[in-house]
Amino acid sequence: MFCYQRSFGLPTEVVTLEQFRALISAPETIKKVKEAREALARGDKKTYDAKKKGLPLAIFIGTFEESVKEIENKKTGEKKLVAGCWRLQKHCRLNGLCVIDFDHIEGDPREVWAAAYAKLSDEDRSRILFVFVTPSGQGLKVVFIADAAVGNLIDNQIVFSQKLGLNPDEACKDASRGAFLTTRDDVIFIDKERLFNYESEDFGKKYDDEYHAGHSQSTLSSGTDQRGFINKDTALSTDKNSVSQNESRVDPCQENYNGVPYLTIIEAWSKQRFSGDHVSRHEASVVLARDLYIMTDRDKQATLALLMAQKWVQEIVEERQEDVERTVNNAADYVAAQENENAKKGKPWLPKISKEMKAALEASGAVEASEPQTSALTPQTSDDNDVYAVLPLDAWAEELQEMAAYYPCLKELFLNVHPHKLAAVWFSSAALFGTLMTRAWYHFWYEPELVRRLNYCIFIIGDPGAGKNIVEKFYKKIADPMIQADQCLIDAVNRYKEGRTERTTSTKAQKGEALKRPVVGIRVHPARTATGEFIRHMNAAVETVQGEPLNLHMFSFDAELDNVTKQNKGGDWKDREILELKAFHNEQDGQMYANQESVTGMFNVFWNFIYTGTPYALHRKVNQRNFGTGMSTRLAVIPLPDKGMAKRHQQVDPDANETLRTWAYRLDRVEGELPIEPLNDETFEWQTAHLEIAEFNGDKADRTLLKRIPYYGIGISLPFILMRHWEEWQESRTLTMDDRDRRLCRLAMEIQYKCQQFFFGEMAFNYFADQNKEFVQRRRSTRYDECFRKLPDEFKTQQFMEVFGCSQPAASKAIKRLLEDGVVEMVKYANYRKVAQELP
């Protein structure tokens, strides 16, 4: 048994099945739901809220005892006491039902529900009594039987939501919370018998008094609930490394650092951090947590309290249930990991705060500003002279250096490398490792039925003398399994060519058996390769993996991008630019030439490449004239700034080369499907969020640059994630990814996105600007269109005849056509209403 409110301001009434059926079928309800959704679609939130509040409100979780409420007449100001079953939590009587509200669902709510329902056991399915689409058309309400053994309403919401795999709106923990009803068409499922008759006295006895007292928060745990949401009432009393709960302490928000309040310092830090556009609040919380953890002498409780005091942190907790406590724990783990790593090397290590925090301390007066130490021999540089200064190279470097403590090979790759060059080293080495994993595949969230391969098109761009040879150094080490495997195949081809030469000069050789061209799948190809040979080798490089034939990737590396571009001009390299374009998605190509040497037929392109070059070489490869080919969005172009000076005594790790070689040969043996669902979630969420901003800005250029970034998020992070979880992969062929792995994927996407904007943003903008100028369709307005515009919103046949100047039969025919086209609708006989203001 449950109740409803006819409208706001009225007492509740117990509802019967007949009343309920009448409410959701009423023309007034249908009209208000339609108008509310139309208002929401055009962004009119005020009208939407007004229409929604006019709908009947059902309180499924109980009924209310009669009480007296003071009602004020807003016109006269007169107040009076009115008795009724008012919707007040302190007078509720819980019936044992629970409601979960799932707001802002991505996609069709019915499809989302079908997928979630499939995850439930038969027992849990039997607990569901009512499911319907909310008035917005973008959410779901689920009414189910609560389990008193699990806990109160919010506890049941949490546990049941976990089973469904959906994120709920926590607001329904309030027992007086209602749900606006919608139309009969929005009902997905209803158990009429139990919905209107179910009553659990045990649940009411156990929790009524608690709700009357206003205690509706989760009882599952203190500090955080099972979803990882921060419970502000208890989070600060459950820290793992601080004082006991019985010991009192000063509020950290009232404490000082070097005589300056922490909150003042954080305010100065926030002004600096959020001065730019599109600043990630999550990344900001990670950096701030690490700094505060160091400044508070490794006090997790104080760090958490200071973070939760920030308005922008509270916002991300409310918006997406940010797990701030986990962020603090990760900061503590990072400091401990750095300390342990240096202890193993016998080096003393003191934790250091970020440059941003140092600047904030100086700005707030917590420390004195220090003069930069310079030398007469040290040239003074300015960010104004550094074209790459607009990129967050320091932030990327800090993040990558942190990741090096957790992912194999990163430490060896970053040895003696300037921090601003780490992104280039990471992307190029990931492409090398990923190419070795050519016998593996995955399924992407877009068109999940397709088998996806690890494809890379990498350009490392730097000025002459910037140190691009570092990529070639790692290429020779990591690509060794491919290079060694190719050697015997190259020898076979050379022997064949020598044999053919002998046939032209030796009579004895001519009498021998006919020579057969060896079918070899040579994988590593230089820039100077005949297209026919390339295609022949690509078609031959096929292995059977798990019973299915699988093409192995070809691979090309060249230290001079200009060499590649010049080879493209003609000759034997003909049409290789199209193969470069099709390689990223393994698209189909083919050839049917007349000469006997060429391969005839269709084939898919499997080819990864890494080229290094200068900005001018990049401009010759991709420029405004050829931007529309789509090559730019397939490329990962990473800068290699000319930073740092060579050290006389460089660090030497005697095991570094062997470590890289060991992992290269391990990854060369990886085969089969890679389970990447967490990375699919991360890339989908990241791209959706950025596309929504681009849509809001009406920025077609940004939309274009965003389209292929998720592929690099997966491709760049996955080889290192696999290395990190190698033992699990070897044992069970699974990858249990955590937030750190998702962070690595997100970092790859952020780097690719910023670099795309840096190198191609202006080209993309100009491309669409030119397109808008060149392809403008002139809209013709006919006399028929003009007459339709003159018609009033509601018109009669006679008015139509007068405006169009036609006879009654002609008017009837025209109106009939308009009705069939859905442009007008009939109100009543000979009376019509315009549905659209313009003819299609």
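Computed from a predicted model, the values in this text were never measured in an experiment. (Residues numbered from 1 in each chain as written. Predicted model: local features only at pLDDT ≥ 70, side-chain atom pairs only at ≥ 80, totals over all residues. Heavy atoms only, no water.)

Q: I'd love a proper account of the overall build of the chain, names of residues and values included.
A: Counting secondary structure elements, the chain contains 34 helices and 27 strands. Here the chain holds 840 residues, and 47% of them are scored as buried. Restricting to contacts in the chain with at least 6 residues of sequence separation, those with at least 24 account for 73%. Total accessible area on the chain stands at roughly 43,500 Å², and carbon and sulfur atoms take up 49% of it. (Helix = DSSP H or I, 4+ residues; strand = E, 2+ residues; numbered from the N terminus. Buried < 20%, exposed > 50% of the residue type's maximum accessible area, 1.4 Å probe, protein only. Contact = heavy atoms within 4.5 Å. Areas by Shrake-Rupley, 256 points an atom, 1.4 Å probe, with all protein chains shown as cover.)

Q: Please give an account of the sheet that holds strand 8 (residues 97–102) that cites residues and values.
A: On the basis of which strands lie adjacent, the open sheet formed by four strands has the order 8-10-9-12 and antiparallel pairing. Only two strands of the sheet have a single partner each, and these edge strands are strand 8 and strand 12 (187–190). For this sheet, the mean angle separating the axes of adjacent strands, direction not counted, is 10°. With three bridges joining them, strand 9 (residues 128–133) and strand 12 adopt antiparallel strand pairing. Looking at the pairing, Val131 lines up with Phe189 of strand 12. Those strands touched by helix 4 (residues 109–117) are strand 9, strand 10 (140–145) and strand 12, and its axis lies near 155° from that of strand 9. Contacts from helix 6 (residues 153–164) reach strand 8, strand 9 and strand 10 within the one sheet, and its direction differs from that of strand 8 by about 55°. (Pairing = 2+ DSSP bridges. Axes fitted to C-alpha atoms, helices over the stretch in contact; angles between N-to-C directions.)

Q: Outline the pattern of salt bridges, supporting the account with residue identities and numerical values.
A: Opposite charge on two side chains allows them to pair when their charged atoms are near. Tallying each qualifying case throughout the model produces 36 salt bridges. Residue Glu398 is joined to Arg290 by a salt bridge in which the shortest nitrogen-to-oxygen separation is 3.5 Å. Of the two residues, Glu398 sits in helix 15 (residues 393–403) while Arg290 sits in helix 10 (residues 281–295), which places them 108 residues apart along the sequence. The class of Glu398 is partly exposed, set by a relative accessible area of 29%. Among the residues examined, Arg290 registers a relative accessible area of 5% and is labelled buried. Glu786 is the partner of Arg789 in a salt bridge, and the nearest nitrogen-oxygen pair spans 2.7 Å. Note that Arg789 and Glu786 are positioned in helix 32 (residues 783–790) at a spacing of three residues, about one turn of the helix. Bridged by salt links that share partners, the residues Arg290, Glu398, Glu399, Glu402, Arg740 and Arg743 form one connected network. (Salt bridge = Lys/Arg side-chain N within 4 Å of Asp/Glu carboxyl O.)

Q: So what's going on with the pairing of strand 18 (residues 548–551)? Which residues, and what values?
A: Pairing of strand 17 (residues 542–545) with strand 18, which is carried by four bridges, proceeds in the antiparallel orientation. Following the sheet pairing, Thr544 is matched in strand 18 by Pro549. Two successive antiparallel strands, strand 17 and strand 18, enclose a turn made up of two residues, where Gln546 displays a positive phi of approximately 50°.

Q: Explain the nonpolar core to me, using residue names and the numbers behind them.
A: Generally speaking, a soluble globular protein has its nonpolar side chains buried in company with each other. If you look at the biggest cluster of nonpolar residues, it comprises 151 residues, and the most contacted ones within it are Leu413, Trp426, Phe433, Phe720 and Phe760. Examining the composition of this core, we find that 13 residues originate from one element, helix 31 (residues 739–774), more than from any other. Among residues more than four places away in sequence, those in contact with Leu413 are Val425, Ser429, Phe433, Phe474, Ile478, Leu660 and Phe720. (Core = buried A, V, L, I, M, F, W, Y, C linked by side-chain atoms within 4.5 Å.)

Q: Give a description of the sheet that holds strand 19 (residues 554–558) that names residues and reports values.
A: The four strands are arranged 19-22-16-23 in an open sheet whose pairing can be described as parallel. Each of the sheet's edge strands pairs with one partner strand only, and the pair in question is strand 19 and strand 23 (636–639). Here the average twist between neighbouring strands, direction ignored, is 10°. Pairing analysis gives five bridges linking strand 16 (residues 457–461) to strand 22 (residues 607–613), with the strands arranged parallel. Opposite Cys457, over in strand 22, you have Phe609 as the bridge partner.

Q: Lay out the packing of helix 27 (residues 677–697) against helix 29 (residues 709–724) in plain terms, naming residues and giving numbers.
A: Their axes nearest at 10 Å, the elements helix 27 and helix 29 cross at an angle of 145°. Crossing hand, helix 27 versus helix 29: right-handed. Of the residues in helix 29, those in contact with Leu679, Asn680, Thr683, Trp686 and Gln687 of helix 27 are Ile709, Pro710, Ile714, Ser717, Leu718 and Ile721. (Left-handed = near helix turned anticlockwise from the far one by under 90°.)

Q: I'd like a rundown of helix 34 (residues 808–820), residues and numbers included.
A: Because an α-helix packs 3.6 residues into every turn, residues spaced three or four apart end up facing the same way. Along its 13 residues, helix 34 runs 18 Å from first to last C-alpha, staying within 8% of the 18 Å computed at 1.5 Å per residue. Residues of helix 34 that are buried: Ala811, Ala814, Ile815 and Leu818. All buried residues of helix 34 fall inside an arc of 100° around its axis, so they share one side. Facing away from the buried side of helix 34, by more than 90 degrees, are the exposed residues Pro809, Lys813, Lys816 and Glu820. Immediately beyond the C-terminal end of helix 34, within one or two residues, lies Gly822, with a positive phi of roughly 75°. (Expected span 1.5 Å × (residues − 1). Arc of directions from axis to C-beta.)

Q: I'd like a description of the packing of aromatic side chains, backed by residues and values.
A: Per the stated rule, a full pass over the model turns up 37 aromatic pairs. With centroids separated by 5.6 Å and ring planes inclined at 85°, the aromatic side chains of Trp663 and Trp726 adopt a geometry described as edge-to-face. In this pair, Trp663 sits in helix 26 (residues 656–667) while Trp726 sits in helix 30 (residues 726–732), placing the two residues 63 residues apart along the sequence. Overall, the relative accessible area of 9% leaves Trp663 in the buried class. Sitting over the ring of Phe474, Lys473 keeps its end group 5.0 Å from the ring centre. (Phe/Tyr/Trp six-rings, centres within 6.5 Å; stacked < 30°, edge-to-face > 60°. Lys NZ or Arg CZ within 6 Å of the ring centre and 35° of its normal.)

Q: Lay out the side chain of Asp702 with the relevant residues and their values.
A: Looking at the secondary structure, you find Asp702 in helix 28 (residues 700–706). Leave out the neighbours within four places in its chain, and Asp702 touches Ala694, Tyr753 and Gln757.

Q: How would you sum up the packing of helix 10 against helix 14 (residues 355–364)? Please name residues and give values.
A: Packed helices, taken two at a time, are described by the angle their axes make and the gap between the axes. Relative to each other, helix 10 and helix 14 sit at 60°, their axes nearing to 10 Å. Along this stretch, helix 10 crosses helix 14, giving a crossing that reads as right-handed. Together, Val287, Leu288, Asp291 and Met295 of helix 10 and Glu356, Met357 and Leu361 of helix 14 make up the contact between the two elements. Along the lines of polarity and charge, the residues of the contact of helix 10 with helix 14 split into five nonpolar, no polar and two charged. (Nonpolar A, V, L, I, M, F, W, Y, C, P; charged D, E, K, R; others polar.)

Q: Explain the side chain of Arg523 residue by residue, including any values.
A: Here Arg523 lies in the loop between helix 20 (507–510) and helix 21 (531–540). Buried charge without a partner: Arg523 forms no salt bridge, and the closest opposite charge is Asp668, 4.4 Å away. Looking at Arg523, its side chain comes within polar contact range of the main-chain oxygen of His553, at 2.9 Å. Residue contacts for Arg523: discarding those within four places in its chain leaves Thr435, Thr438, Arg439, Met482, Asp486, Ala541, Leu552, His553, Met554, Phe555 and Asp668. (Lys, Arg positive; Asp, Glu negative; His and termini not counted. Polar contact = N/O pair within 3.5 Å; in protein donor to acceptor, adjacent residues only side chain to side chain.)

Q: Please set out the confidence of the model for the chain residue by residue, giving values where relevant.
A: Across the chain, the average pLDDT comes to 83, with 85% of residues at 70 or higher. Throughout residues 222–249 the model reports pLDDT below 50, and contacts reaching past four residues in sequence, or to other chains, amount to 61 contacts. For the stretch residues 371–384, pLDDT sits under 50, and the model shows three contacts to residues farther than four places along the chain or on other chains. (pLDDT = per-residue confidence, 0-100.)

Q: Break down helix 1 (residues 17–25) for me, with residues and values.
A: Buried within helix 1 are the following residues: Phe20, Leu23 and Ile24. The arc that holds every buried residue of helix 1, seen down its axis, measures 85°, which confines them to one face. Against the buried residues of helix 1 lie strand 1 (3–5), helix 2 (27–41), strand 9, strand 12 and helix 7 (192–197).

Q: Account for the environment of Arg326, with residues named and values stated.
A: Note that Arg326 resides in helix 13 (residues 324–344). According to the relative accessible area criterion, Arg326 is partly exposed, its value standing at 38%. Taking the C-alpha atoms as reference, Arg326 lies 9.8 Å from Val286; in sequence the two are 40 residues apart.

Q: Give a description of the environment of Ser285 that names residues and reports values.
A: Take Ser285: it is sitting in helix 10. Exposure remark for Ser285: the relative accessible area of 3% places this residue in the buried category. Taking the C-alpha atoms as reference points, Ser285 and Val313, separated by 28 residues in sequence, lie 7.3 Å from one another. Among residues more than four places away in sequence, those in contact with Ser285 are Leu307, Trp312, Glu322 and Thr327.

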